[in-house]
Amino acid sequence: MAEARGGTVRRSLLLSFAGRYGAMPMRLAAMLALARLLSPAEFGVYATAAAAVGLCAVLTDLGLGQYLVQAPKVTEADRRAALGLGLALGTGTAALLGAVAVAALLAPGDEGWLSEELSATLAVQALTLPLQPVAAVAGAGLQRALRFGPIAAAGVAGAAAFTGIAVAGAALGLGPVALSLGTVAEALLVAALLSRRQGARLPRPALRGWRPVFGFGWVWSAIAGLRQAGDALSRLLMGGLLGLGALGLFSRAQAVVQVFDKALLDAVSPVVLPALSAAQRAGRPLAPAYLRQVACLAALAWPFFGALALLAGPVVALLLGRGWEGAVPAVRWLALGGLALPLGGLVLPYLVALGAMRAWLPMQAWLQGGRVLGVALAAAAGSLQAACAAFAAEQVAKAILAQRLLARGLGWQVTRGAVRALALSAPSALAVLAAAAAVAFAPATRDLRPVLLLPLAAAVALPAWLLALAALRHPLHAELVRGIAVMRDRLRGGGAAAAAPAGPAPATQGRPP
């Protein structure tokens, strides 16, 4: 793999996981502190502003990083065009959102969607938009070379910045604005750290040569934009018909369920597209990688989401504290939707590598339209649980449609392979659920506090999970054994030479990509 000289795929995954797990304690600390400093209604205000800015971010992002990662060659002109186009769109959109928010602050009128609190939160959150293309272009060079050490370090530093600023602001009584200030601090620090790394320093922005970037980016943005639009409309419907308190409950329930994404998918996802693009350019088949991915995701996702649905009450009590009991049913429904993740997660990199993004675009439109309709009907009926069920149904439908599309590009035999991979992973999930249920519902543990019950359940379930993986000779077990061996060798000093980069970051046109 020519572009992998700066580091192997496995080493990149280990570094990416190190970054995510290094940031996770701070994310969890922020969740624990903010859940006790802010009310559900304040979280609802932030969720509304974040949804609006998130939609704008997706529409202005244009997949700049992904374009630079998957391109056969990357020139300095490509990087200049990508940065120039991203800055023009991000700055213009931020200025527009800021003007709307300032106008609302000067003439707030009646309390509503543009209350003073929401306007201030929106204005601050919009400052992240010009920072987005800077981080994307700088990070793309590192991703393409599979140099994930600097990316991991920047992620940990960004999480620390968010936690410190958001918690301090909430303690000072800034309400939802504190969350936006933390988000801006994180984006600013990550962009600054990435752009200072060798091989990632920013070029001078320019608009010349923007057409190839836009040709790829509009499809990427349309797919992601439909997803963000579906999220934003769903949140607006829940906030308008069920109230901001219900929206806050949903937002915190979603944050609990998305711990899996933050811990696993967000670490794996940046590595997948560079590895697949390099394999595609080298003429290697992608089906074996996909089937291995399905097996590993199922062995991880099914135990996690199954146990979360089973133990939603203690988990919410531990992570969110008192006053958030209403989030328990929402957590259960969203966790059930997560069971479809092995087939529906991490599919977009394969579609990019197969050139099938345009075929996915109408499917995404149907998925989001169906989800919004389901949420609207549920919210009109006054049921937060039914609205969460609509989110879960969308995940199942996404898995089915994605599998059909991938089967066309990878070969129809991949469907049978995916079924076998899921069947291989099912016993390990059942072992975890049986062990967790035995602890959670035993008479001797019914009165235990969540802070004691959950670690006890994990201590019993983890060995059962590992034993099941070993007995089944699951692909994930082999990866775990190999990863432990690499870490052990590095700690002993014997694996430093094997794990070190074979040379400087690869160049494309006489300079790092």
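Here is a short report on the structure shown in this document.

## What to know about the overall build of the protein chain
Then, in step 1: Looking only at helices and strands, the protein chain features 22 helices and zero strands.
Then, in step 2: The C-alpha radius of gyration of the protein chain comes to 23 Å, within 12% of the 24 Å expected for a compact globule of 513 residues.
Then, in step 3: Projecting the C-alpha coordinates of the protein chain onto the three principal axes gives extents of approximately 60 × 55 × 45 Å.
Then, in step 4: Taking all 513 residues of the protein chain together, 50% fall into the buried category.
Then, in step 5: Taking contacts inside the protein chain between residues at least 6 apart in sequence as the whole, the part at least 24 apart equals 85%.
Then, in step 6: Total accessible area on the protein chain is roughly 22100 Å²; 67% of this is exposed by carbon and sulfur atoms.
Then, in step 7: Counting 41 positive and 18 negative side-chain charges, the protein chain places the averaged centre of each group 14 Å from the other.

## Focus: the packing of aromatic side chains
Describing an aromatic ring pair means giving the distance of the ring centres and the angle of the ring planes.
Then, in step 1: Within this structure, the stated rule accounts for ten aromatic pairs.
Then, in step 2: Arranged with centres 5.8 Å apart and planes meeting at 75 degrees, the rings of tryptophan 210 and phenylalanine 214 form a pair that is edge-to-face. With tryptophan 210 and phenylalanine 214 both in helix α9 (residues 210-242) and four residues apart, this pair spans about one turn of that helix.
Then, in step 3: Residue tryptophan 210 is classed as partly exposed on the basis of its relative accessible area, which comes to 31%.
Then, in step 4: Given the relative accessible area of 37%, phenylalanine 214 is considered partly exposed.
Then, in step 5: Residues phenylalanine 260 and phenylalanine 304 carry aromatic rings whose centres are separated by 5.3 Å and whose planes lie at 40 degrees to one another, so their mutual orientation is tilted. Taken together, the residues phenylalanine 260 in helix α11 (residues 259-282) and phenylalanine 304 in helix α12 (residues 287-310) connect sequence positions 44 residues apart.
Then, in step 6: The class of phenylalanine 260 is buried, set by a relative accessible area of 6%.

## Regarding the nonpolar core
Then, in step 1: One finds Leu34 and Trp360 to be the most contacted residues of the largest nonpolar core, which totals 120 residues.
Then, in step 2: Aside from chain neighbours lying at most four places away, what touches tryptophan 360 is Ile223, Leu348, Leu351, Leu367, Lys398, Leu401, Ala402 and Leu405.
Then, in step 3: By size, the runner-up hydrophobic cluster in this structure holds twelve residues, among which are Val53, Cys56, Leu118 and Ala126.

## Brief notes about the packing of helix α5 (residues 116-125) against helix α8 (residues 176-195)
Then, in step 1: Across the interface, α5 lies against α8 with an axial gap of 8 Å and an inter-helix angle of 0 degrees. Classified by the interaxial angle, the pair formed by α5 and α8 is roughly parallel. Facing α5, whose interface residues are Glu117, Ala120, Thr121, Val124 and Gln125, α8 presents Pro176, Val177, Ser180, Leu181, Thr183 and Val184.

## Remarks on helix α20 (residues 450-472)
Then, in step 1: Here α20 spans 32 Å end to end across 23 residues, near enough to the 33 Å set by a 1.5 Å rise per residue.
Then, in step 2: Of the residues making up α20, those classed as buried are Leu453, Leu454, Ala457, Ala461, Trp465, Ala468 and Leu469.
Then, in step 3: Trailing α20 by a residue or two, arginine 473 shows a phi angle of about 55 degrees, which is positive.

## Considerations on a nonpolar patch on the surface
Then, in step 1: Nonpolar side chains collect at one region of the surface, where Leu318, Leu448, Val451, Leu452, Leu456 and Val460 lie side by side and expose about 440 Å² of accessible area between them.
Then, in step 2: Top contributing element to the nonpolar patch by residue count: α20, with four residues.
Then, in step 3: By the element assignment, leucine 318 lies in helix α13 (residues 312-319).
Then, in step 4: According to the relative accessible area criterion, leucine 318 is partly exposed, its value standing at 31%.

## Details of the pattern of salt bridges
Then, in step 1: Summed over all chains, the structure comprises seven salt bridges.
Then, in step 2: Of the charged contacts in the structure, one is a salt bridge between arginine 79 and glutamate 76, with a shortest N-O distance of 3.7 Å. Separated by three residues within a single helix, arginine 79 and glutamate 76 lie in helix α4 (residues 76-106), roughly one turn from each other.
Then, in step 3: The exposure class assigned to arginine 79 is buried, which follows from its relative accessible area of 3%.
Then, in step 4: Residue class for glutamate 76 comes out partly exposed when judged on its relative accessible area of 24%.
Then, in step 5: A salt bridge links glutamate 394 to arginine 371, with the nearest nitrogen and oxygen atoms 3.4 Å apart. Here glutamate 394, found in helix α18 (residues 384-410), pairs with arginine 371, found in helix α17 (residues 357-380); they are 23 residues apart in sequence, far enough to count as distant. Comparing glutamate 394 with arginine 371 shows no difference in burial state: the two are buried.

## A closer look at the side chain of serine 428
Then, in step 1: Here serine 428 lies in helix α19 (residues 413-440).
Then, in step 2: What makes serine 428 buried here is its relative accessible area of 0%.
Then, in step 3: Other than its neighbours up to four places away in sequence, serine 428 contacts Ala299, Pro303, Trp465, Ala468, Leu469 and Leu472.

## Quick notes on the side chain of glutamine 403
Then, in step 1: Note on placement: glutamine 403 falls in helix α18.
Then, in step 2: Not counting the four nearest positions on each side in its chain, glutamine 403 is found in contact with Tyr290, Leu343, Val414, Thr415 and Ala418.

## Observations concerning the environment of leucine 462
Then, in step 1: Within the element layout of this structure, leucine 462 appears in helix α20.
Then, in step 2: Here the alpha-carbon distance between leucine 462 and alanine 435, two residues 27 residues apart in the chain, equals 8.7 Å.

## Focus on unusual backbone geometry
Then, in step 1: Despite not being glycine, leucine 346 has its phi angle at roughly 55 degrees, a positive value.
Then, in step 2: A positive phi angle, near 55 degrees, is found at arginine 473, a position not held by glycine.
Then, in step 3: Along the chain, arginine 473 turns up in the loop between α20 and α21 (475-492).
Then, in step 4: Among the residues examined, arginine 473 registers a relative accessible area of 74% and is labelled exposed.

What counts, and where the lines are drawn
- The numbers attached to residues start from 1 for each chain and follow its sequence in the written order.
- Whole-chain, interface and lining totals are the exception, using all residues; otherwise, since this is a predicted model, local features are given only for residues with pLDDT of at least 70 and side-chain atom pairs are given and counted only at 80 or more.
- Processing note: side-chain calculations cover all non-hydrogen atoms of the structure and skip hydrogens and water entirely.
- For the purposes of this entry, the term helix denotes a DSSP run of H or I that reaches at least four residues, the term strand denotes a run of E that reaches at least two, and both are numbered from the N terminus.
- Only C-alpha atoms enter the radius of gyration, while the globule expectation follows 2.2 Å times N to the 0.38, with N the number of residues.
- Classification of residues uses two cut-offs on accessible area relative to the type maximum, computed with a 1.4 Å probe and protein chains only: under 20% is buried, over 50% is exposed, and between them is partly exposed.
- The contact criterion used is simple: two residues touch if any of their non-hydrogen atoms lie within 4.5 Å.
- In this description, accessible areas are obtained by the Shrake-Rupley approach with a 1.4 Å probe, and a residue is regarded as covered only by the protein chains that are shown.
- Counted as positive: Lys and Arg. Counted as negative: Asp and Glu, with His and the chain ends omitted from the count.
- Throughout, a charge is located at the NZ atom of Lys, the CZ atom of Arg, the CG atom of Asp or the CD atom of Glu.
- Each aromatic pair joins two rings of Phe, Tyr and Trp (for Trp, the six-membered one) with centres within 6.5 Å, and gets the label stacked for planes under 30 degrees apart, edge-to-face for over 60, and tilted for any other angle.
- Among buried residues, the Ala, Val, Leu, Ile, Met, Phe, Trp, Tyr and Cys ones that are joined through side-chain atoms within 4.5 Å form a nonpolar core.
- In this analysis, axes come from line fits to C-alpha atoms, helices being fitted only over the stretch in contact, and the angle between any two N-to-C directions falls in the range 0 to 180 degrees.
- Here roughly perpendicular refers to angles of 65 to 115 degrees, roughly parallel to angles under 35, roughly antiparallel to angles over 145, and oblique to all remaining angles.
- Expected span of a helix: the number of residues minus one, times 1.5 Å.
- Candidates for patches are residues over 30% relative accessible area with no salt bridge; among them, like charges are joined within 9 Å and nonpolar side chains (Val, Leu, Ile, Met, Phe, Trp, Tyr) within 5 Å.
- Salt bridge criterion: a side-chain nitrogen from Lys or Arg within 4 Å of a carboxyl oxygen from Asp or Glu.

Read these as spatial facts, not as claims about activity.
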